[in-house]
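Take a look at the letters that make up each chain.
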Amino acid sequence: MLKRSEIERRLYESLDLSDFRRLVTEVYFYGAGCGTPKFAGFLEKNLGSFFENATRIRVSEDLIGAVHSCTSEPGVIAILGTGSNCCYFDGREIKVRMPSLGYTLMDDASGNHLGKLLLRAYYFKQLPADLEGLFEANYKVKPAKVKKNLYKKDYPNAYLASFAPFVLENQGHPFMQALLDEALNSFIATHLSFYKKELKQYPIHFVGSIAYHCRERLSAMLEERGMMPGKFIRRPIDGLLEYHMDHM
């Protein structure tokens, strides 16, 4: 859990927020790990101190935000961004059938998963020479720096996800195609296995940059398994704005 001082620092350092904070009357925040009443209440209190004129503040799990951003109809909704998650929306409520155990054990096909696979391939000398040279030219990959970011600094999941763009930008390369397929197949075999019944009847919508940038490959993999790919939304904010405007 973030400390109050860290939340305040981030809020006040954002000029887009601090310049207009007294004009804000309603706040709706969606984030990973915000589904517990304890953390949601903690964050609502901190947001209330910053947006001092807000009369309504709501903090919800990121899966709820993903649903609101893309559909009002029943379907399976998946997040593939820095992290990954999945749920079924029955038209009124979301149903999550597995616990979220964080990036170390879960988050298949997420940005941090792709970063982990890429770093392992690099250090185990599995990258083809052309990709290896390109990777070294664009990223600082000395072991000491990598270990410091993974084991001594905050947010190692975000650090791992910072390598994901390299995978996506080079997904036309056979090696990267195989790496990406490994991650996507893992997501389908694990996360989506909890929703086999629903996926026979309803589409699956994806929210997040990872899914958006590999939507063609992911759609083909789903169709091969008899699943119906739905929307691929890179940034959910547009759909969330429309949702809240309609529900004012």
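Here, the structure is the one placed above.
Structure report, in brief. (Residues numbered from 1 in each chain as written. Predicted model: local features only at pLDDT ≥ 70, side-chain atom pairs only at ≥ 80, totals over all residues. Heavy atoms only, no water.)

1. Quick notes on the layout of surface pockets
- A volume near 270 Å³ is recorded for the second largest pocket.
- If you go around the second largest pocket, you meet 13 residues; those closest to its centre are L119, V146, L150, Y151 and L160.
- Elements that contribute at least two residues to the lining of the second largest pocket include exactly α6 (111–123), α8 (143–151) and α9 (156–161).
- Among the elements that take part in the lining of the second largest pocket, α8 stands out by supplying five residues, more than any other.
- Split by residue class, the lining of the second largest pocket holds ten nonpolar, no polar and three charged. (1 Å grid on protein atoms, 1.4 Å probe; cavity = no way out; pocket = protein on both sides within 12 Å on 5 of 7 lines; lining within 4 Å. Points joined across faces, edges and corners; volume = space filled by probe spheres on them. Helix = DSSP H or I, 4+ residues; strand = E, 2+ residues; numbered from the N terminus. Nonpolar A, V, L, I, M, F, W, Y, C, P; charged D, E, K, R; others polar.)

2. So, the side chain of H244
- Examined against the element boundaries, H244 turns out to sit in helix α15 (residues 237–246).
- Using a relative accessible area of 16% as the deciding quantity, one classes H244 as buried.
- Once you skip the residues sitting within four places of it in the chain, H244 turns out to touch Y28 and Y30. (Buried < 20%, exposed > 50% of the residue type's maximum accessible area, 1.4 Å probe, protein only. Contact = heavy atoms within 4.5 Å.)

3. Things to note about empty space enclosed by the protein
- Enumeration over the complete set of coordinates arrives at one cavity of 30 Å³ or more.
- By volume, the largest cavity amounts to about 40 Å³.
- Considering only residue class, the lining of the largest cavity consists of three nonpolar, five polar and one charged.

4. Observations concerning the packing of aromatic side chains
- Scanning all chains against the criterion turns up 14 aromatic pairs.
- For the pair F50 and F51, a centre-to-centre distance of 4.8 Å together with 90° between the ring planes defines the contact as edge-to-face.
- Given a relative accessible area of 2%, F50 falls into the buried group.
- F51 gets classed as buried once you look at its relative accessible area, which sits at 6%.
- For the ring pair F206 and F232, a centre distance of 5.2 Å and an interplane angle of 10° mean the geometry is stacked. Taken together, the positions of F206 in strand β6 (residues 204–207) and F232 in strand β7 (residues 229–233) put the pair 26 residues apart, joining distant regions of the chain. (Phe/Tyr/Trp six-rings, centres within 6.5 Å; stacked < 30°, edge-to-face > 60°.)

5. Brief notes about the side chain of S18
- With respect to the element layout, S18 can be found in helix α2 (residues 15–18).
- On the basis of relative accessible area, S18 is assigned to the buried category, the value being 18%.
- S18 has contacts with L11, Y12 and F50, leaving out every residue within four places of it along the chain.

6. Focus: a positive patch on the surface
- Side chains of K140, K145, K147, K148, K152 and K153 sit close together on the surface and give a patch of like positive charge.
- Mapped onto the secondary structure, K148 falls in helix α8.
- Overall, K148 belongs to the partly exposed group, its relative accessible area being 46%. (Patch = residues over 30% accessible without salt bridge, like charges linked within 9 Å, V, L, I, M, F, W, Y side chains within 5 Å. Areas by Shrake-Rupley, 256 points an atom, 1.4 Å probe, with all protein chains shown as cover. Salt bridge = Lys/Arg side-chain N within 4 Å of Asp/Glu carboxyl O. Lys, Arg positive; Asp, Glu negative; His and termini not counted. Charge placed at Lys NZ, Arg CZ, Asp CG, Glu CD.)

7. Section: the environment of Q177
- With respect to the element layout, Q177 can be found in helix α11 (residues 174–190).
- Take Q177: its relative accessible area is 39%, and that puts it in the partly exposed class.
- Sequence separation between Q177 and F206 is 29 residues; the distance between their C-alpha atoms is 20 Å.
- The contact partners of Q177, leaving out residues within four places of it in the chain, are Q171 and G172.
- At a separation of 3.3 Å, a polar atom in the side chain of Q177 contacts the main-chain carbonyl oxygen of G172. (Polar contact = N/O pair within 3.5 Å; in protein donor to acceptor, adjacent residues only side chain to side chain.)

8. Some remarks on the packing of α6 against helix α7 (residues 129–138)
- The N-to-C vectors of α6 and α7 enclose an angle of 115°; their axes lie 11 Å apart at closest approach. Here α6 lies roughly perpendicular to α7, going by the angle between them. For the crossing formed where α6 meets α7, the hand is left-handed. Along its contact with α6, which presents L118, L119 and Y122, the element α7 presents E132, F135 and E136.
- Here the residues of the contact of α6 with α7 are counted per class, giving four nonpolar, no polar and two charged. (Axes fitted to C-alpha atoms, helices over the stretch in contact; angles between N-to-C directions. Parallel < 35°, antiparallel > 145°, perpendicular 65-115°, else oblique. Left-handed = near helix turned anticlockwise from the far one by under 90°.)

Functional significance is not addressed by these values, which are geometric in nature.
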